[in-house]
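# Coordinate analysis (summary)
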Amino acid sequence: MRIGELARRTGVSERSLRYYEQQGLLIADRTPGGQRDYPERAVDRVIRIQELFAAGLHSRKIAQLLPCMCDADGGPSEIADAQLVDDLTAERDRIDRLIGELRNSREILDDVITAATTR
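This report concerns the structure included in the present document.

How each quantity is defined
Residues numbered from 1 in each chain as written. Predicted model: local features only at pLDDT ≥ 70, side-chain atom pairs only at ≥ 80, totals over all residues. Heavy atoms only, no water. Helix = DSSP H or I, 4+ residues; strand = E, 2+ residues; numbered from the N terminus. Contact = heavy atoms within 4.5 Å. Areas by Shrake-Rupley, 256 points an atom, 1.4 Å probe, with all protein chains shown as cover. Lys, Arg positive; Asp, Glu negative; His and termini not counted. Charge placed at Lys NZ, Arg CZ, Asp CG, Glu CD. Salt bridge = Lys/Arg side-chain N within 4 Å of Asp/Glu carboxyl O. Buried < 20%, exposed > 50% of the residue type's maximum accessible area, 1.4 Å probe, protein only. Polar contact = N/O pair within 3.5 Å; in protein donor to acceptor, adjacent residues only side chain to side chain. Axes fitted to C-alpha atoms, helices over the stretch in contact; angles between N-to-C directions. Parallel < 35°, antiparallel > 145°, perpendicular 65-115°, else oblique. Nonpolar A, V, L, I, M, F, W, Y, C, P; charged D, E, K, R; others polar. Core = buried A, V, L, I, M, F, W, Y, C linked by side-chain atoms within 4.5 Å. Left-handed = near helix turned anticlockwise from the far one by under 90°.

## Some remarks on the overall build of the protein
- For the protein, the count of helices and strands is five helices and two strands.
- Going residue by residue from the N terminus, the α and β elements of the protein occur as α-α-β-β-α-α-α.
- Oriented by its inertia axes, the alpha-carbon framework of the protein measures out at about 70 × 35 × 25 Å.
- In the protein, the proportion of contacts linking residues at least 24 apart, taken out of those at least 6 apart, comes to 43%.
- Accessible surface, the protein: about 8400 Å² in total, of which carbon and sulfur atoms supply 50%.
- The centroid of the 18 positive side-chain charges in the protein is displaced by 7 Å from the centroid of its 21 negative side-chain charges.

This is the structure in structure tokens:
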């Protein structure tokens, strides 16, 4: 599929898709005319990349992680090394801290909303 179709199907801009390719996160074949030609599985890969960015990972870490996430058969890959596991554990801990901070912020907002509506 062409870049425009991949962008439409994933909701990701063409510019972002080009960036993913530059960072080694996404691979496209080229037509004889030089246009990008993505396989069907690129849709799921772009969605996965978006999820990882939303979790706060940066492109370098995502590039390390993607090959470890699934084998060709869809099962978990066994190529993750101890350093990657340590890095991902640290990322998970960071996300847990952020969740706690967001819960506290929500509680404060709830208190303010309750106080403002009971006047």
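## Focus: the pattern of salt bridges
- Taken as a whole, this structure holds nine salt bridges when the rule is applied.
- Salt-bridge contacts for Glu14 lead to Arg18; the nearest nitrogen and oxygen are separated by 3.4 Å. Remark: Arg18 and Glu14 occur in helix α2 (residues 14-22); sequence separation between them is four residues, near one turn of the helix.
- Accessibility expressed as a relative area gives 33% for Glu14, which makes it partly exposed.
- Between Arg48 and Glu51 there is a salt bridge; the shortest N-O distance is 3.9 Å. With Arg48 and Glu51 both in helix α3 (residues 42-54) and three residues apart, this pair spans about one turn of that helix.

## Focus: the side chain of Glu21
- Here Glu21 is to be found in helix α2.
- Of note is the side chain of Glu21, whose polar atom sits 3.3 Å from the side chain of Tyr38.
- In contact with Glu21, not counting residues within four places along its chain, are Leu26, Ala28, Arg30, Arg36 and Tyr38.

## A few points about the packing of α2 against α3
- Direction vectors running N to C along α2 and α3 enclose 85 degrees, while the axes themselves pass 12 Å from each other. Of the possible angle classes, the one that applies to α2 and α3 is roughly perpendicular. In contact with Leu17, Tyr19 and Tyr20 of α2, α3 contributes Val46, Ile49, Gln50 and Phe53.
- Considered class by class, the residues forming the contact of α2 with α3 number six nonpolar, one polar and no charged.

## Re the nonpolar core
- Membership of the largest hydrophobic core comes to 20 residues, with the highest contact counts inside it found for Leu6, Leu17, Tyr20, Leu26, Tyr38, Val46 and Ile62.
- Of all the elements, α3 adds the most residues to this core, at five residues.
- Here Tyr38 is in contact with Met1, Arg2, Ile3, Leu6, Leu17, Glu21, Leu26, Ile27 and Ala28, once residues within four sequence places are set aside.

## Focus on the packing of α3 against helix α4 (residues 59-69)
- One can describe the packing of α3 onto α4 by two numbers: an axis separation of 11 Å at closest approach and a directional angle of 130 degrees. Here α3 lies oblique to α4, going by the angle between them. Seen from above, α3 lies across α4 with right-handed handedness. In this structure, α3 uses Arg45, Arg48, Ile49, Leu52 and Phe53 to contact α4, whose residues at the interface are Ser59, Ile62, Leu65, Leu66 and Met69.
- In the contact of α3 with α4, the residues fall into seven nonpolar, one polar and two charged.

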